[in-house]
Amino acid sequence: MKILYFAWVRERIGREAEEVEAPEEVRTVAELAAFLAARGEGYAEAFKEPRVVRAAIDRRHARPDAPIAGAREIAFFPPMTGG
Amino acid sequence: MPAAAPPDDRFTVRIQAEDFDTAAEVAALSAGRVDIGAVVTFSGLCRADDAGDSAPNGSRLVALTLEHYPGMAEEEIRRLVDEARARWPLLGATVIHRHGRIVPGENIVLVVTASPHRGAAFDAAAFLMDWLKTRAPFWKLEERAEARSWVAAKEADDAAAERWTAGTP
């Protein structure tokens, strides 16, 4: 699946998008975040406070316990500050 | 005389880098209609001391750069407009949110709502702004003389969004 990163999540990881094949036991948004956090220093820094980082599945807001099966695009980003 | 547009044509969401003309947007929303009795407009501007309470050494804001999630930004605001239409008898709404680098004094966001009576237009505009701030995928990067920093989300914005929460989708 395609993973997107925005704002300081993007800066800490050092890329804005990548293709990721998550193992089968990674079933939820929170499990995917934990899996990504183990990929390196920047990732660990980005997901240091996992409850702060928000996610969207196929361009809709998703909670940490949302299942990721079948998702085409998952995004991780900080709390929003538009408006 | 052109025929009046069907109602759905009066609900517009645009994400754009360029500025917008508030008066022209208001005029477009109500042009050729006689059923609209109230139009409420909210404009959000870039303030020179934006987030000044968190500014290191009080240095002046030079610019904001708004990052967004292309695709989702428009889709999410459309969902908020749909939710507003489900709650209030709206005859039209226009939401425009800019992205990219914006300097103090420039427009950032526009919300225009139209309804037969003022109550719905006022409430729907406030609702759209409150939910937009906490749900639309935009992030502000502050540029000051000495540093660049991401604006932190405010608890006050979450509280403002939650006052509408009965019946959250």
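Everything that follows concerns the structure shown earlier in this document.
Since the structure is predicted, the reported quantities are computational estimates derived from the model, not experimental observations.

What counts, and at which threshold
Residues numbered from 1 in each chain as written. Chains lettered and ligands numbered in written order. Predicted model: local features only at pLDDT ≥ 70, side-chain atom pairs only at ≥ 80, totals over all residues. Helix = DSSP H or I, 4+ residues; strand = E, 2+ residues; numbered from the N terminus. Rg over C-alpha atoms; globule rule 2.2 N^0.38 Å. Buried ≥ 20, exposed ≤ 12 C-beta atoms within 10 Å, placed from the backbone. Contact = placed C-beta atoms within 7 Å. Nonpolar A, V, L, I, M, F, W, Y, C, P; charged D, E, K, R; others polar. Core = buried A, V, L, I, M, F, W, Y, C linked by C-beta atoms within 7 Å. Pairing = 2+ DSSP bridges. Axes fitted to C-alpha atoms, helices over the stretch in contact; angles between N-to-C directions. Parallel < 35°, antiparallel > 145°, perpendicular 65-115°, else oblique. Left-handed = near helix turned anticlockwise from the far one by under 90°.

Q: How should the overall build of chain A be read in this particular structure?
A: A count of helical and extended segments in chain A gives three helices and five strands. Secondary structure elements of chain A occur, N-terminal to C-terminal, as β-α-β-α-α-β-β-β. Its C-alpha atoms give chain A a radius of gyration of 12 Å, near enough to 12 Å, the size a compact globule of 83 residues would have. With respect to the three principal axes, the spread of C-alpha positions in chain A is 30 × 30 × 20 Å. Expressed as a percentage of its 83 residues, the buried residues of chain A come to 35%. Looking at chain A alone, contacts between residues at least 24 apart form 54% of all its contacts between residues at least 6 apart.

Q: Before we go on, may I ask you to explain the interface of chain A and chain B in this structure?
A: Interface size is commonly expressed as the accessible surface area that is lost when the partners come together. Taken residue by residue, the interface counts 14 residues in chain A and 22 residues in chain B. Broken down by secondary-structure element, the contributors of at least two residues to the side of chain A that touches chain B are helix H1 (7-13) and strand S5 (73-77) of chain A. Classifying every residue of the side of chain A that touches chain B gives nine nonpolar, four polar and one charged.

Q: How do you make sense of the nonpolar core when you look at a structure like this?
A: Grouped burial of nonpolar side chains is what soluble globular proteins tend to show. Among the nonpolar cores identified, the biggest contains 57 residues, and Phe6(A), Val9(A), Ala75(A), Ala124(B) and Leu128(B) are the most heavily contacted of them. The biggest single contributor to this core is helix H3 (residues 118-135) of chain B, with eight residues. When near neighbours in sequence (up to four residues on either side) are disregarded, Val9(A) contacts Ala46(A), Val53(A), Phe76(A), Phe77(A) and Pro78(A).

Q: Mind showing me how you'd approach the sheet that holds strand S5 (residues 100-102) of chain B here?
A: Working definition: the strands of a sheet are paired by backbone hydrogen bonds and lie parallel or antiparallel to each other. All names here are of chain B. The strand order across the open sheet formed by four strands is S5-S3-S7-S8, and the pairing between neighbours is antiparallel. Of all the strands in the sheet, just S5 and strand S8 (148-150) have a single pairing partner and so form its edges. Pairs of neighbouring strands in the sheet enclose a mean axial angle of 25°, with direction left out of account. The sheet contact formed by strand S3 (residues 61-68) and S5 spans three bridges and is antiparallel. Of the residues in S5, the one forming a bridge with Thr 65 is Arg 101.

Q: Sorry if this is basic, but what is going on with the pairing of S5(A) here?
A: It is a general feature of regular strands that their side chains alternate between the two faces of the sheet. Residues and elements named next belong to chain A. Among the five residues of S5, four are classified as buried, and the element is accordingly described as predominantly covered. One ladder, built from four bridges, connects strand S1 (residues 2-5) with S5; its direction is parallel. Bridging across to S5, Leu 4 finds its partner in Ala 75. Pairing between strand S3 (residues 54-57) and S5: four bridges, direction antiparallel. Across the sheet, the residue bridging to Ala 56 is Ala 75, located in S5.

Q: Would you explain the packing of H3(B) against helix H4 (residues 155-162) of chain B in this entry?
A: Any two packed helices are characterised by the angle at which their axes cross and by the distance between the axes. Residues and elements named next belong to chain B. Interaxial distance between H3 and H4 falls to 8 Å at its minimum, and their mutual angle equals 130°. What the angle tells us is that H3 and H4 run oblique. Handedness of the H3/H4 crossing: left-handed. Between H3 and H4, the contacting residues are Asp 130, Trp 131, Lys 133 and Thr 134 on the first element and Asp 157, Asp 158, Ala 160 and Ala 161 on the second. Here the contact of H3 with H4 is composed, by residue class, of three nonpolar, one polar and four charged.

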